[in-house]
Amino acid sequence: MYKVFIVDDEIWIRTGLEKTIEWESMDLSILGSVNNAEEAIKAMNNNYPDILITDIVMNNKNGIDLTKWIKEHNPNTQVIIISGFDKFEYAKAAIKLGVTEYILKPIDENVLMKALYKCIDNLNKNHTFKILKESSSINNMKENFYLRMFCNTNNDFDNKTLQSQITHIDLNVDYHYISTMFVASYNKNTISPDILKHKMNAFISKYKKNNHNLDIIVRNQEEIIVVFATENTDIHSFKKYAIRLSTLLMEQINELHIGDTICYVGNCYKGIKGIYSSFHEIQTLKSETIICNGNHNIIDIENLKTAFRPTILLDSNIKSQIVDALKNNNWDTIFVNIDKLFNEMNKLEIVNRNDLISYIYNIVYECNEIIISSNTQLNIPFNQDSELLGWIFQTTDLSAAKKDMKDYFNYLKNNMDINDNNVHRKIIREIINYCNNNFDKNINLVDLAEHFHISSSYLSQLFSKEVGTPLSKYLTNLRIEKAKEILKTTNLRVYEIAEMVGYCDVKYFLKVFKKNVGVSPQVFREKR
């Protein structure tokens, strides 16, 4: 039974969560419930929960601070953040910390249940191999030992315990160890894990050296783990050997036609705990990175860490071009820039997954703000549960992310067309208000288009369609009406009035006035 800890400064929310959810039916239990992060840290310090549900805005330490603390002390804890604030900064911080779900208040019970089941699935995956049946087979005993090492999130085995566990399985606590992981998208219907492992072992026996141990573990349908061990102190040559043999194994796997495969080679560590260190280093970097092209099938973690860049080096104009294109209803430009975005990423060797998620999230967030400000009836829930936006937080593959991003904008295209009148009217209202307040300035179509970040041709067409008269004619009528009003109510000279309504050239003003009114300003004044 997994343990749940609840932190929220509103007692009615804590009480509601405790009583509304049927925890026991989900094989969950409440470990504790407090109203602030400080009390939570005290309560959880030596008894970490499996699932933490926390509010984000609280006194002193907030939910982000508490999430950082629990992830530092027990990375395996699944975190659900609940918030009454739909702020990009909070969601961005939550993404970087690897929270499982970010839920907006008021809390929908179905949404929370879905989040809890997601946490349970993640925990089950992490602990699947912790409960293993003891076997008299040395190979099975060794494999079970490895699996326990892989699943041990705290690396809390002491050497005495380790020595007692490995006495009969041909391992040594003082050896140097390297873990490697082959991530293959193979179909179990094509080849079973047991047959695959048998083929790998048969292949390794041809290349195994006397002073090196090699063991293969087929962890699940996607991961094949090879543990290299040696008593040799020449770490450099041992690492080269591990990479060379991994390359040969990669060739063997490719011959089996089980799907695209990437091999991660971990760093070398002294002592049997190095199995844990090397493996979890691979797991961490694997979850944080996306391989951008198929030319790098062998990834050396050591080189990856030194070559890794924490941000995506992409043209920052892509985001602004997509956002501006949405304002202008220019869908072709949006899709061209999406292609450009992913083409740029494919030129890189690797991409930081969290950076990619934040980059895409930022684009979609700004587009969502445009939709909201346009008074359109189109409603897009901006959270991880939204079918339209959930793909952002699940991004692990560039081609899939590109397709999902295009699907999102195709949805907007197909549905915003229905609400175009609302969007257009808002833009025109803003332009008319601007003209009414700035008619005394030398404004024109180009100036207005630049001010409102839309193309001049689109503005011209839109204004004529919505108002029924060209923008230039509207400005002229506005200025002449203002001039007539001033002529009626003041004794100002004509050249002064011309300047007050936006005409620097008094002769041109006289010409325009007579054309529109039928008489000169002087005659108009005399008739008042």
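The rules behind the values
- Residues numbered from 1 in each chain as written.
- Predicted model: local features only at pLDDT ≥ 70, side-chain atom pairs only at ≥ 80, totals over all residues.
- Heavy atoms only, no water.
- Helix = DSSP H or I, 4+ residues; strand = E, 2+ residues; numbered from the N terminus.
- Contact = heavy atoms within 4.5 Å.
- Axes fitted to C-alpha atoms, helices over the stretch in contact; angles between N-to-C directions.
- Parallel < 35°, antiparallel > 145°, perpendicular 65-115°, else oblique.
- Nonpolar A, V, L, I, M, F, W, Y, C, P; charged D, E, K, R; others polar.
- 1 Å grid on protein atoms, 1.4 Å probe; cavity = no way out; pocket = protein on both sides within 12 Å on 5 of 7 lines; lining within 4 Å.
- Points joined across faces, edges and corners; volume = space filled by probe spheres on them.
- Buried < 20%, exposed > 50% of the residue type's maximum accessible area, 1.4 Å probe, protein only.
- Pairing = 2+ DSSP bridges.
- Right-handed = clockwise from strand over helix to strand, strands pointing away.
- Salt bridge = Lys/Arg side-chain N within 4 Å of Asp/Glu carboxyl O.

### Some thoughts on the environment of alanine 40
As for its position among the elements, alanine 40 is in helix 2 (residues 37-44). With 14 residues separating them in the primary sequence, alanine 40 and threonine 54 have C-alpha atoms 9.7 Å apart. Non-local contacts of alanine 40, meaning those with residues more than four positions away in its chain, are made with Phe5, Val7, Val34 and Leu66.

### Some points on the packing of helix 20 (residues 471-489) against helix 22 (residues 506-517)
The geometry of helix 20 relative to helix 22 is characterised by a closest axis approach of 10 Å and an angle of 95° between their N-to-C directions. By the angle between their directions, the pair helix 20 and helix 22 is classed as roughly perpendicular. Along the contact surface, helix 20 presents Lys473, Thr476, Asn477, Ile480, Ala483, Lys484 and Leu487, while helix 22 presents Phe509, Val512, Phe513, Asn516 and Val517. Residue classes in the contact of helix 20 with helix 22 are distributed as seven nonpolar, three polar and two charged.

### Some remarks on the layout of surface pockets
One number sums up the size of the second largest pocket: a volume of about 400 Å³. Lining the second largest pocket are 19 residues, with Ser472, Thr476, Tyr503, Tyr508 and Val512 positioned closest to its centre. Elements with a minimum of two residues in the lining of the second largest pocket: helix 20 and helix 22. Here the lining of the second largest pocket gets six residues from one element, more than from any other, and that element is helix 20. Counted by class, the lining of the second largest pocket contains eight nonpolar, six polar and five charged residues.

### Overview of unusual backbone geometry
Phi is mostly negative for residues that are not glycine, and the peptide bonds are mostly trans. Residue proline 106 is bonded to the preceding lysine 105 through a cis peptide linkage, with omega at -5°. Tracing the chain through its elements places proline 106 in the loop between strand 5 (101-104) and helix 5 (109-127). Look at aspartate 27: it is not a glycine, yet its phi comes out positive at around 60°. In this fold, aspartate 27 is placed in the loop between helix 1 (11-20) and strand 2 (28-34). Owing to a relative accessible area of 43%, aspartate 27 belongs among the partly exposed residues under this scheme.

### So, the pairing of strand 3 (residues 51-55)
Buried residues dominate strand 3, accounting for five of its five residues. Burial along strand 3 is two-sided: Ile51, Ile53 and Asp55 facing one way and Leu52 and Thr54 facing the other are all buried. Pairing geometry for strand 1 (residues 2-7) and strand 3, over four bridges, is parallel. Pairing of valine 7 across the sheet is with threonine 54, part of strand 3. In this region the chain leaves strand 3, passes through helix 3 (residues 63-73) and returns to the parallel neighbour strand 4 (residues 78-83); the handedness of that crossover is right-handed.

### Considering the sheet that holds strand 1
What the five strands build is an open sheet, ordered 2-1-3-4-5; its pairing is parallel. The strands lining the two open edges of the sheet, one partner per strand, are strand 2 and strand 5. Adjacent strand axes in the sheet meet at a mean angle of 20°, parallel and antiparallel pairs treated alike. Bridge count for strand 4 against strand 5 is four bridges, and the pairing is parallel. Looking at strand 5, one finds that isoleucine 82 is bridged to isoleucine 103. Together, strand 1, strand 2 and strand 3 form the strand contacts of helix 2, whose direction differs from that of strand 1 by roughly 155°.

### Thoughts on the pattern of salt bridges
Counted according to the given criterion, the structure contains nine salt bridges. Residues aspartate 339 and lysine 406 are paired through a salt bridge, measuring 2.7 Å at the closest nitrogen-oxygen approach. Taken together, the residues aspartate 339 in helix 13 (residues 331-346) and lysine 406 in helix 16 (residues 398-416) connect sequence positions 67 residues apart. Classification of aspartate 339 by relative accessible area gives partly exposed; the value is 25%. With relative accessibility at 22%, the residue lysine 406 sits in the partly exposed group. Salt bridges sharing partners connect three or more residues here, namely Asp8, Glu10, Asp55 and Lys105.

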